[in-house]
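# Structural features, examined
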Amino acid sequence: MKKFLLVAVGVAALAGSACSKAPECTAEMATKKAQDMAAALQEAITKDPSKAADLSAKVQAVTDKYKDASTLAEACKAYDEVTAAIKG
């Protein structure tokens, strides 16, 4: 679970470093998506701890995909993909 939370923090850092003029994703939207992702992650781990390793791999794959993201739009996409991976 500790590693899982570190991955989530990594994705959160992605949004923190992102900035954009695109109206499709604001800082507030990225923050909301980060909160939703964290809640989904916590729920999934609580519901079935045995899936933590599998979820961690899925989250890591999305994190790697967006590691060089530089816009809020990319951060929002990353949050959406991570949340979808968590919810399966």
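What this report covers is the structure whose coordinates are included nearby. Predicted model only: the values in this text are computed from it and were never measured.

## Describing the pattern of salt bridges
By the definition in use, this model includes four salt bridges. Here K32 and D36 are joined by a salt bridge, their closest N and O atoms 2.8 Å apart. Highlighted residues: K32 and D36, both in helix 2 (residues 27–47), separated by four residues, approximately one helical turn. On the accessibility criterion, K32 (46% relative accessible area) is partly exposed. Ionic pairing is found between E81 and K65, a salt bridge with its closest N-O pair at 3.2 Å. Of this pair, E81 sits in helix 4 (residues 72–87) while K65 sits in helix 3 (residues 52–65), and the two are 16 residues apart along the sequence. By relative accessible area, E81 is classed as partly exposed at 28%.

## Observations regarding the nonpolar core
Ranked by size, the top nonpolar core spans 15 residues in total, and within it M37, Y66, V82 and I86 carry the most contacts. The dominant element in this core, judged by the number of residues it contributes, is helix 2, at six residues.

## Notes on the state of the cysteines
For the coordinates displayed, the defined rule picks out one disulfide. Covalently, C25 is tied to C76 through a disulfide, its sulfur atoms 1.7 Å apart. When the S-S torsion is 45 degrees, as for the bridge of C25 with C76, the disulfide is right-handed. A residue pair is termed long-range when its members are at least 10 positions apart, and C25 in the loop between helix 1 (2–17) and helix 2 and C76 in helix 4 qualify at 51 residues. On the basis of relative accessible area, C25 is assigned to the buried category, the value being 2%.

Criteria and thresholds
- Residues numbered from 1 in each chain as written.
- Predicted model: local features only at pLDDT ≥ 70, side-chain atom pairs only at ≥ 80, totals over all residues.
- Heavy atoms only, no water.
- Salt bridge = Lys/Arg side-chain N within 4 Å of Asp/Glu carboxyl O.
- Helix = DSSP H or I, 4+ residues; strand = E, 2+ residues; numbered from the N terminus.
- Buried < 20%, exposed > 50% of the residue type's maximum accessible area, 1.4 Å probe, protein only.
- Core = buried A, V, L, I, M, F, W, Y, C linked by side-chain atoms within 4.5 Å.
- Disulfide = S-S within 2.5 Å.

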